[in-house]
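Fold and contact review
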Amino acid sequence: MINNKYLKLIRERKSYAKNKFIFEIIAKRIIDTLDLLKIDIPQALEIGINENKVCNYIENNFLSKIDRADVSLLKQTKEIKYKYFEIKTENLLLEKNLYNLIYSNCFIHLMADFEKSLEEIYKSLKSNGLLIATIPDKTSMHQLLNSMYKTDLYFYNGVYQRFNNTIEVQDALNILKKLKFDAPTIFSDTFNINYKFFSDLLIDVRNMNLTYCNIDKKQNFENKKYFELLEKSYEDKNANGDFNLEVKINIITAWKK
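One structure accompanies this document, and this report is about it. (Residues numbered from 1 in each chain as written. Predicted model: local features only at pLDDT ≥ 70, side-chain atom pairs only at ≥ 80, totals over all residues. Heavy atoms only, no water.)

What follows concerns the overall build of the protein. A count of helical and extended segments in the protein gives nine helices and seven strands. Intrachain contacts of the protein at a sequence separation of at least 6 include 78% that bridge at least 24 residues. Here the protein displays about 12,700 Å² of accessible surface, and carbon together with sulfur accounts for 50% of that area. (Helix = DSSP H or I, 4+ residues; strand = E, 2+ residues; numbered from the N terminus. Contact = heavy atoms within 4.5 Å. Areas by Shrake-Rupley, 256 points an atom, 1.4 Å probe, with all protein chains shown as cover.)

Now the structure itself:
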């Protein structure tokens, strides 16, 4: 189960509030999906405030009233035109039959009970309402994860769970169908980022909330020697010595009749 207090701590860091690079790439995918749809969105809800691109797009193109929800609002720049409220990963509670669109950029997989959270989202959507959500694929950023396992083996003779669990595509589809979402689809998308400096790669990944933050997480943080070896053992460098990171996401769309 996700440690809600630790997740809040991560999302309240100054670096998290400033660095949205990967989230903004994924936001473009959400916007591309909305571009294909001819719908009215009088009222929208964002679950997990990870960037502003999607929010600004919806406001400008659909003239929507937008609510924004997160586990912590401490580092959020609150604008009067939006309504903000806090949510808990262990128990998502939303107003019923209110929204024409609910969207989430790589956040809902952090909910303690994915199915229960989707059920709450379903109840909160109006008839003909739409859910768009992105979640990391289990193979996303495999170069970093595999390199961390190698480094763990060197220092600890074993490995720790390094990333938060995500939802399998088929499991997500089964839940959406069980909850009576209409026309659920999941599209996978992959993009690659090259980093000149390994430290920049780590900053971007930390801000994706992928760092394992369950209640059984490793209690002490890694030291400088760990990250020095991790950089040396990174398994995907190009001819220029840059660090390649492959990010794979799954884009969920589903309607409420």
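Looking now at the packing of aromatic side chains. On inspection of all chains with the given rule, the structure shows 11 aromatic pairs. Where Tyr154 meets Phe155, the ring centres are 5.1 Å apart and the plane angle is 85°; that geometry is what we call edge-to-face. By relative accessible area, which is 60% here, Tyr154 ends up exposed. Where Phe198 meets Phe243, the ring centres are 5.1 Å apart and the plane angle is 55°; that geometry is what we call tilted. One end of the pair, Phe198, is in helix H8 (residues 198-206); the other, Phe243, is in strand S7 (residues 243-255), and 45 residues separate them in sequence. Each of the two residues, Phe198 as well as Phe243, counts as buried. Three or more aromatic residues link up through ring pairs in this structure, and these residues are Tyr154, Phe155, Tyr156, Tyr160, Tyr226 and Phe227. Across from the ring centre of Tyr82, 5.5 Å away, lies the NZ or CZ of Arg68, which sits over that ring. (Phe/Tyr/Trp six-rings, centres within 6.5 Å; stacked < 30°, edge-to-face > 60°. Buried < 20%, exposed > 50% of the residue type's maximum accessible area, 1.4 Å probe, protein only. Lys NZ or Arg CZ within 6 Å of the ring centre and 35° of its normal.)

Below, the discussion takes up the pattern of salt bridges. One pass over the structure, following the stated rule, counts 11 salt bridges. Measuring nitrogen to oxygen at the nearest pair gives 2.6 Å for the salt bridge that ties Arg68 to Glu46. Of the two residues, Arg68 sits in strand S2 (residues 65-70) while Glu46 sits in strand S1 (residues 43-47), which places them 22 residues apart along the sequence. The pair formed by Arg68 and Glu46 is uniform in burial state, with each residue classed as buried. It is possible to trace a salt-bridge network through shared partners that takes in Glu59, Glu79 and Lys81. (Salt bridge = Lys/Arg side-chain N within 4 Å of Asp/Glu carboxyl O.)

In this model helix H6 (residues 142-156) runs 20 Å from its N-terminal to its C-terminal C-alpha over 15 residues, within 8% of the 21 Å that 1.5 Å per residue would give. When H6 is considered as a whole, its buried residues turn out to be Gln143, Leu144, Leu145, Ser147, Met148, Thr151 and Asp152. Where the residues of H6 are buried, they touch H8, helix H9 (224-232) and S7. At the exit of H6 stands Asn157, carrying a positive phi of roughly 60°. (Expected span 1.5 Å × (residues − 1).)

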